[in-house]
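Coordinate inspection notes
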Amino acid sequence: MGEVKGFPYFEVEYDKRGKLVDPAQEDAIERFVVRQPASDLLVLSHGWNNDMAQARSLYERLLGHLRDLVEAGAVPGVAGRDFAVLAVLWPSKKFADEDLIPSGAAAAPGVDEGDLEAMLAELQGFFDDPDADRLLAAARAEVGALEADAEARRRFVDALRPLFPDDPDAETRAELPEETFELPGDQVLERLGTPPALPEPSLDDQGGGAASVGGGGGEGAALDVGEAASIGSLFSGVGAGARNFLNLLTYYTMKERARTVGVAGLAKSLERVRGARPDLRLHLVGHSFGGRVVTAAAAGAEGQAPLPVASITLLQAAFSHYGFADDWNGRGGDGLFRPVLTSARVSGPMLVTHTVNDRAVGLAYPIASRLA
């Protein structure tokens with residue numbers, strides 16, 4: 001056990017399939033809740049583009065704010081309660097900060113062959129498909145000809161298309177237009193090289209909102225819309241289109257992974273913890289795709305026993321606003337996380353924050369819409 005800002009602190013790490021990396025981590029939190037009088041467990045999950053160091057920095061900042069509020073007596077309801085923290089770590093980091101999905105193509109000073117080759121090299125080992133590295137190499141072989149050769153652009157896109165999630169949930173299928181898979185590759189890159197319409201950032205959000213959560217240029221930092229406006233001119237549009245296609249691919253791969261980690265990993269860990277301490281109150285907090293992780297854990301898999309949760313806080317959660325909906329498509333299809341509501345799994349509040357400066361979600365959907 002460690003301690004962060006005066007809170008007993010535990011970590012649990014999952015791989016991309018939601019499997020525990022070190023089962024001893026789960027043992028440690030179970031032993032603690034059995035032996036110690038903690039009344040509440042705060043479960044934190046980071047989101048897109050955080051490596052372990054960045055995730056821990058995020059958790060330290062959040063817990064620092066919480067400690068300040070507790071000591072100031074700002075939340076009378078927590079008086080006399082003892083909080084412990086379970087910090088989730090999962091593989092969500094692939095691009096450098098300047099390559100954040102998908103605004104990296106907008107914010108970079110230019111997209112050249114070296115940029116694209118570096119992105120493709122960075123994706124080695126990222127996907128679940130056993131043939132992924134060969135397909136990435138095939139795409140990389142076309143980079144030098146993308147500017148001049150429409151056939152090379154088609155081969156580039158065709159090599160990468162099989163790496164999109166092969167069994168996406170209904171939400172993802174609704175978000176990704178058919179053109180993603182049906183348009184010739186040269187047209188895909190042409191459309192993705194077209195600048196999307198961007199929201200004007202709120203003055204109130206410039207110093208706060210997601211920037212105060214993600215911090216330091218990571219996911220959620222404020223976006224300079226003036227820089228984004230130059231996306232169409234980069235590399236005659238082809239480089240921007242190729243880069244956006246790669247970022248879109250990794251975005252939806254990460255979206256699926258977040259759900260997998262939540263259902264196959266975190267839900268099972270929390271079931272074990274509550275089995276050891278049925279009176280322990282669970283508070284789930286997720287940032288961006290971490291919101292998807294914790295909500296998926298609360299929803300569980302089909303046939304899985306409901307996980308009682310005291311509260312859920314979603315900080316710029318990266319999933320559809322139909323996620324909790326009743327019959328969102330008019331054909332009897334409930335939102336992916338509807339069971340969180342219908343099964344009365346959350347006994348306390350559900351809190352959701354959002355901001356126009358959310359770089360990941362605020363630009364991923366407009367970029368995808370360029371294909372439609």
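None of these values were measured; they are calculated from a predicted model.

Section: the pairing of strand β3 (residues 40-45)
- Counting buried residues along β3, 6 of its 6 residues qualify, which places the element largely inside the surrounding structure.
- Residue alternation in β3 divides its side chains into two sets, Asp 40, Leu 42 and Leu 44 and Leu 41, Val 43 and Ser 45, and both sets are buried.
- In the sheet, β3 pairs with strand β5 (residues 281-287) via 6 bridges, with the strands oriented parallel. What sits directly across from Ser 45, in β5, is Gly 286.

A short note on the packing of aromatic side chains
- A full pass over the atoms with the stated rule returns 10 aromatic pairs.
- Between Phe 126 and Phe 127, the aromatic rings sit 4.8 Å apart at their centres with planes inclined by 85 degrees, giving edge-to-face as the arrangement. The same class applies to Phe 126 and to Phe 127, which are both buried.
- An aromatic cluster is defined as three or more aromatic residues linked by ring pairs; in this entry it consists of Trp 48, Tyr 251, Tyr 252 and Phe 289.
- A cation over an aromatic ring shows up here: Arg 67 above the ring of Phe 7, its NZ or CZ 4.0 Å from the ring centre.

Quick notes on the environment of Pro 349
- Tracing the backbone through its elements, the reader meets Pro 349 in the loop between α14 (339-342) and β7 (350-353).
- Accessibility expressed as a relative area gives 48% for Pro 349, which makes it partly exposed.
- Along the backbone, Pro 349 and Ser 311 are 38 residues apart, and their C-alpha atoms lie at a distance of 5.2 Å.
- Leaving out residues up to four positions away in the same chain, Pro 349 has contacts with Ala 310, Ser 311 and Ile 312.

Concerning the sheet that holds strand β4 (residues 83-89)
- With mixed pairing, the 7 strands of this open sheet are ordered in space as β1-β2-β4-β3-β5-β6-β7. Looking at strand neighbours, the two that pair on one side only are β1 (2-4) and β7, the edges of this open sheet. Neighbour-to-neighbour, the strand axes of this sheet turn through a mean angle of 25 degrees, independent of strand direction.
- With respect to the sheet, helix α2 (residues 52-71) is in contact with β1, β2 (7-13), β3, β4 and β5, its orientation differing from that of β2 by roughly 155 degrees.
- Against the sheet, helix α13 (residues 289-299) makes contact with β3, β5 and β6 (311-315), and its axis sits at roughly 150 degrees relative to β5, the strand it touches most.

Calculation notes
Residues numbered from 1 in each chain as written. Predicted model: local features only at pLDDT ≥ 70, side-chain atom pairs only at ≥ 80, totals over all residues. Heavy atoms only, no water. Buried < 20%, exposed > 50% of the residue type's maximum accessible area, 1.4 Å probe, protein only. Helix = DSSP H or I, 4+ residues; strand = E, 2+ residues; numbered from the N terminus. Pairing = 2+ DSSP bridges. Phe/Tyr/Trp six-rings, centres within 6.5 Å; stacked < 30°, edge-to-face > 60°. Lys NZ or Arg CZ within 6 Å of the ring centre and 35° of its normal. Contact = heavy atoms within 4.5 Å. Axes fitted to C-alpha atoms, helices over the stretch in contact; angles between N-to-C directions.

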